Amino acid sequence: MTGRPPERPRILRQARAWDPATRAAVLARLEPPPCRFLTPAERAVAAPLLDLLTGQAHGPGRIPLLRLLDRRLAEAERTGEGGGGEGWRHADLPEDGTAWRRSLAALDAEARLRHAGTGFAALTVGDRIRLLRVLGHRAGLPAGRSRPWHGLPLAHVWELWLRHACGAYYSHPAAWDETGFGGPAYPRGYVRLGRGVREVWEDPHPAPAPHADEPPPPADPHPPSTGEHRAAGPEPGAAPGPGGAPGPATSPTAPVPAHRRPLWRAAAETLHETLRPQGAVRARNASAWLPAAHELLPGMRRFADTDEVDLVVVGCGAGGAVLTQRLARAGWRVVCLEAGPFWNPRRDWVSDEEGSRGLHWNEPRVIAGPDPVPLGANNSGRGVGGSMVHFAGYAPRLHPSDLRTRTLDGVGADWPLDYAELAGPYARIERELPVAGQYWPWGEPHPYPHAPHPVGGNGQVMLEGCAALGIEARVGPVAIVNGRFGARPHCVYRGFCLQGCTVGAKASPLVTHVPDALAHGAEIRADAMAVRVVTEHGRATGVRYLRDGREHLQRARAVALACYAIETPRLLLNSGLCNEHDLVGRYVMVQGAPQVAGRFDDEIRMYKAPPPEVTTEEFYETDPARPYRRGFSVQTVSPLPVVFARHLAEAGHWGADLRERMRGYPYWATLGALCEYLPQADNRVTLDTETDAHGLPVARFTHGRCANDRLVTAAATRTMSDILTAAGARELVTVNRYAHLVGGCRMAARPEDGVVGPDLRTFAVPNLLVTDGSVLPTQGAANPALTIMALADRAAALLTARQRAGLPLARSPR
C-alpha cells in the first residue's frame, strides 16, 4: 500500500468506554502480525480473493484481511484446533490450513486454464470477478449436478472462503463504521432499545439505497388470518397488567367477564410467582448469594486421584453442574472433570464475536452425511459452564406431547417417564436461574419467577407482525435476571449473550450452580480431558483423564457423563462401554434452525437486548391439517455482524452485493425457528480415523434430514417470512442452518431400545450415569438447556433417595 495511512475507525472514539479485555482484543486486530503461515505464492492469490469476496475489488482497503486470515490459520496450527478454530471440518475436506493451501493452488490453476497460462494474481479485476462468479454459481448447484473441482468439493471450498473472509472483515472496527454497528457496549450497555431510536453516543447511519430489483414495500400489511390463531396482546380497551398480562377494561369493582377470567388468572399467577420469597431458593442453592465462582477457587476442596470419591462427573455444563451441586449439598464427595478452563468472566470474556471463539469446543471433529451439521459455536461449549456460557439465554420447557410422540403422532419415541415427573424440577430450575417472561399459555401453562424484559427493535418487529397475522406471541422466557436476585446484577442489554455474559445477569452453570457446589465441598477440576471410563467386574471404578501433559486416574464409587451429544458417545465408544445393542451414538438429533431476515425503512438495531426477546409456540404441536408431524417455534435471534454477514453469504451474496446489504445492518430484523427434527438411527456419532492432539479418535457426526424434517423447515420459513412482511419488511433473505444437538445415548424402558433407563443410569453399567442432552429420546421445538438441568435435578433426587434407603448404587459384583 502507498499513500496516506488509513483513517482510524470512528468507532474507536468509544473504546475508552469498553472494558479492558474487549478493548485489547479489538485493538490487536488493527495491526495483525506479518504473515507466517501462507507462502508468498499463496498470499499473492489469497489477497485479491479475500478482497473480492468482501467487496474490496479495487485494492486492499482499510482492513488487512490477508494478515487476519494468516494469523487465524497459524494459531489453529499451533494449538491443534480443528477447522481453523471452528472445531469441525467437512469429511471431504482436510483441516482448514491444508484446505486453504490446496484451494488457493486450485484457484490459480483454474485461472491459468481459462486465461492462457495467466495466474489469478495477474488477472485484471474484471477477469477475477468473472471467474469467481462462475465458481460461485457452480458451488450453489445441487450435489447431483456439481462435479469435483481440482479434486476438491467446490461447494465446501466456497463456504470455507466466505466463512473466513466474513469473519476477518466484519470483526474489524472499520467495518463496524461502515455497517453502523454500535460495537461493544460493556459496561455501559444500552438504554434506548426501541425501533427507530439510538443512544446519544451512536452515530446516525444513512439507509442504503434500495436495490434496483427490489420490490417496493407493501401498501398494506398482511391481513389477519381468520380463526386460525388467537389474537396477540391485550384486547381493545385492556390495560397491561402484571407480568405483561392484559388488565381490566372496566372499574376494578366491576365483575370480571367470563371471557377475561383466564387472563386474570394468568396475571395473578405471574404476580404470585414474581413476589415469591427467595428463601426457598437460597436454602437449596445459594449461588446467587455467594462470591463469583472464580473467587471461591482458592478455598476449593481438592481430592487426590487415589481418593475414592463418591462420584466423578465428566463435564461441567447444564447437566454436570446441576448434578454436582445437588449431590455435594447432599454430602457426597464429588469431583467434576472439565476439559476446558475455569473462566474468570471479567478477564477471559469479551464483547466481541471473533474474540469469543475460545468459549466453543474447537478441537477437531468431522461432519458428514447428506445434510452435514457444522459444530462449534452453535451447539457445543468448552469450559466450566459448558455451552450455556454462550447460549442465547432462551429457556423454555418441553410440552407434555413431546414425551409421547409415538403414541400421539406415530413418530419418534415415547419417553419412559411422565411429564408430571419433570414439572417439579422445571419449576425449581426456573427459580434458580431465574427465568423472566410473560405467562406461558402453551404446553403446560405456567408463570415465570421474573417479569418479562423490555423488548428492542427486533422484538417489536415480531410483535407487530404477529399481531397483524393474529398469531399469539409472548415476551420471554429468558434465563436473565430482571430485578433483584441475590448479588446478581441486572441485564444491561448489550446484546452479546452468545459471547458470554460478562455482566453476570444471564444464567449459566458457572454462576447458577458452581458457586454453591464449591461451597459444599465439590471439586471442579478444570483443564482435565477425560479419555476413558474404567470398569472392573461390571462396575465403573473411575475415569482416566489427561492434565498437565500426564494421564491420571480418578477413582470413584460411581461415574456420571455429562459431555453432551457428541463427546459423551465418543467417550463411551473410546471406552468400549454400553454399546451391546449398537445404540451408543445413534439417534442424534439436531434442530432445524432456519432464519429469515427482513430489511426495514427505519432503524431496528437488532444488536441491542437479548437475542431471544419474543417467541411464539402457536405452531409447536402436530396439526392433522398439515402434511407433516410435530412442528416448530419462532423467536427473535438478532445475529451480530460477523454471523449476519455469513448468513448473507450462505444465501448467495458476496462481493459488492454482500457489502451493500451489510451497509444497511441497522435496518435488518431477523427471526429464527426451532424445527423439531425426528430421531433417525443413521444420524449418529462414530469414531473417525483422524486423531486429536491427545491421540484419541475424533468424533464423526453423520446427519441427514427426512422428508418430514424438510416439510417442517419449509413451513417455518414461510411463517417467518409472513411475519416480517406483515411488519413492513422491504426485502427478505433466508438461510438454512441448524441449532442444538441432543440424543446419542437415548433414554428408554428397555436396554434393547436405549442406553440409559429413566433414572439416567446406563443399563450395562448400573453405577455409570449419563446426565446430559444425549439422553433425550425426542427434542421438541424448544431449546434443551432447561430440560437437561431438570433431568439432572431429578436424577440427583433419585440417587439421594437410594442413599437414604440404604440401597447400593450398583449391583454387587458376582
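Parameters at a glance
Residues numbered from 1 in each chain as written. Predicted model: local features only at pLDDT ≥ 70, side-chain atom pairs only at ≥ 80, totals over all residues. Heavy atoms only, no water. Helix = DSSP H or I, 4+ residues; strand = E, 2+ residues; numbered from the N terminus. Buried < 20%, exposed > 50% of the residue type's maximum accessible area, 1.4 Å probe, protein only. Contact = heavy atoms within 4.5 Å. Areas by Shrake-Rupley, 256 points an atom, 1.4 Å probe, with all protein chains shown as cover. Polar contact = N/O pair within 3.5 Å; in protein donor to acceptor, adjacent residues only side chain to side chain. Axes fitted to C-alpha atoms, helices over the stretch in contact; angles between N-to-C directions. Parallel < 35°, antiparallel > 145°, perpendicular 65-115°, else oblique. Nonpolar A, V, L, I, M, F, W, Y, C, P; charged D, E, K, R; others polar. Pairing = 2+ DSSP bridges. Disulfide = S-S within 2.5 Å. Salt bridge = Lys/Arg side-chain N within 4 Å of Asp/Glu carboxyl O. Phe/Tyr/Trp six-rings, centres within 6.5 Å; stacked < 30°, edge-to-face > 60°. Lys NZ or Arg CZ within 6 Å of the ring centre and 35° of its normal.

> Which parts of the structure should I look at to understand the overall build of the chain?
When its secondary structure is counted, the chain shows 22 helices and 20 strands. Counting over 814 residues, the chain shows a buried share of 61%. Considering only contacts within the chain whose residues lie at least 6 apart along the sequence, 75% involve residues at least 24 apart. When the accessible area of the chain is evaluated, it comes to approximately 30,000 Å², of which 54% is carbon and sulfur surface.

> Hey, could you run me through the environment of R397 in this one?
Summarising the element assignment, R397 is placed in the loop between strand 4 (366-368) and helix 13 (405-409). Classification of R397 as buried rests on a relative accessible area of 8%. Taking the C-alpha atoms as reference points, R397 and L786, separated by 389 residues in sequence, lie 6.6 Å from one another. Setting aside its immediate chain neighbours within four residues, R397 contacts Y419, Y426, A427, E430, H446, Y620, A782 and L786. A polar atom in the side chain of R397 sits 2.7 Å from the side chain of E430.

> What exactly am I supposed to notice about the packing of helix 2 (residues 40-53) against helix 4 (residues 96-114) here?
How two helices sit against one another is set out by the angle between their axes and by the gap between those axes. Running from N to C, helix 2 and helix 4 cross one another at 80°; their axes reach a closest spacing of 10 Å. With respect to their mutual orientation, helix 2 and helix 4 come out roughly perpendicular. Counted together, E42, V45, A46, L49 and L50 of helix 2 and W100, R101, L104, L107 and D108 of helix 4 form the full contact between these two elements. The class makeup of the residues in the contact of helix 2 with helix 4 is seven nonpolar, no polar and three charged.

> How should the sheet that holds strand 7 (residues 529-536) be read in this particular structure?
Across a sheet, paired strands are connected by hydrogen bonds in the backbone, their directions being either parallel or antiparallel. Reading across the sheet, the three strands line up as 7-8-9 and stay open at both edges, with antiparallel pairing between neighbours. Each having just a single partner strand, strand 7 and strand 9 (550-555) make up the two edges of the open sheet. The mean angle between the axes of side-by-side strands here comes to 25°, regardless of whether they run parallel or antiparallel. In this sheet, strand 9 lies alongside strand 8 (residues 539-547) in antiparallel orientation, the contact comprising six bridges.

> Can you walk me through the state of the cysteines in this structure?
Working definition: the covalent bond between the sulfur atoms of two cysteines is a disulfide. Counted by the stated rule, this structure contains zero disulfides. Note on C563: no disulfide assigned, nearest cysteine sulfur contributed by C336 at a separation of 9.3 Å. Lacking any disulfide linkage, C745 is separated from the closest cysteine sulfur, that of C578, by 7.7 Å.

> Hey, could you run me through the pairing of strand 16 (residues 684-691) in this one?
In the case of a regular strand, side chains alternate between the two sheet surfaces. Pairing analysis gives five bridges linking strand 16 to strand 17 (residues 697-702), with the strands arranged antiparallel. Directly across from V685, in strand 17, lies its bridge partner F701.

> Sorry if this is basic, but what is going on with the pairing of strand 19 (residues 738-742) here?
Where burial is concerned, most of strand 19 is hidden: five out of the five residues are buried. Of the strand pairs in this sheet, strand 11 (residues 589-592) and strand 19 are connected by three bridges, and their pairing is antiparallel. Bridge assignment links M589 to a residue of strand 19, and that residue is V742.

> Any chance you could explain the pattern of salt bridges here in plain terms?
As a working rule, side chains carrying opposite charge can pair if their charged atoms are close by. Counted under the stated rule, the structure contains 57 salt bridges. For the salt bridge of D692 with R570, the shortest nitrogen-to-oxygen distance reads 2.7 Å. Of this pair, D692 sits in the loop between strand 16 and strand 17 while R570 sits in helix 18 (residues 564-575); the two residues are 122 residues apart in sequence, bridging distant segments of the chain. Note on R570: relative accessible area 4%, which makes it buried. Notably, a salt bridge pairs E603 with R605, separated by 2.8 Å at the nearest N-O pair.

> In this structure, what is going on with unusual backbone geometry? I would like to understand it.
When glycine is set aside, most residues are seen to have a negative phi, and most peptide bonds are trans. Of note, the amide linkage connecting Y186 to P187 takes the cis form, showing an omega dihedral of 15°. Inspection of the secondary structure puts P187 in the loop between helix 7 (173-179) and helix 8 (261-274). Residue P477 is bonded to the preceding G476 through a cis peptide linkage, with omega at -5°. Examined against the element boundaries, P477 turns out to sit in the loop between strand 5 (474-475) and helix 16 (509-512). Positive phi is not limited to glycine here, since H150 has a value of about 50°. The topology assignment puts H150 in the loop between helix 5 (125-139) and helix 6 (154-169). One non-glycine residue with positive phi stands out, namely H537, at about 55°. Topologically, H537 is positioned in the loop between strand 7 and strand 8. Given a relative accessible area of 69%, H537 falls into the exposed group.

> Where do I start with the packing of aromatic side chains in this structure?
Aromatic ring pairs are described here by two measures, namely the spacing of the ring centres and the angle between the planes. Evaluation of the coordinates by the stated rule reveals 21 aromatic pairs. Taking the centre distance of 6.1 Å and the plane angle of 85° together, the rings of W149 and W161 count as edge-to-face. Residue W149 is found in the loop between helix 5 and helix 6, and its partner W161 is found in helix 6; the two are separated by twelve residues along the sequence. The buried category is assigned to W149, whose relative accessible area is 1%. One aromatic cluster is present, built from ring pairs that chain together W18, W176, F181, Y190, W201, F496, Y607, F644, Y665 and W668. Geometry around F120 places R128 over its ring, the cationic atom sitting 5.9 Å from the centre. Lying over the aromatic face of W361, R382 brings its terminal NZ or CZ to 4.7 Å of the ring centre.

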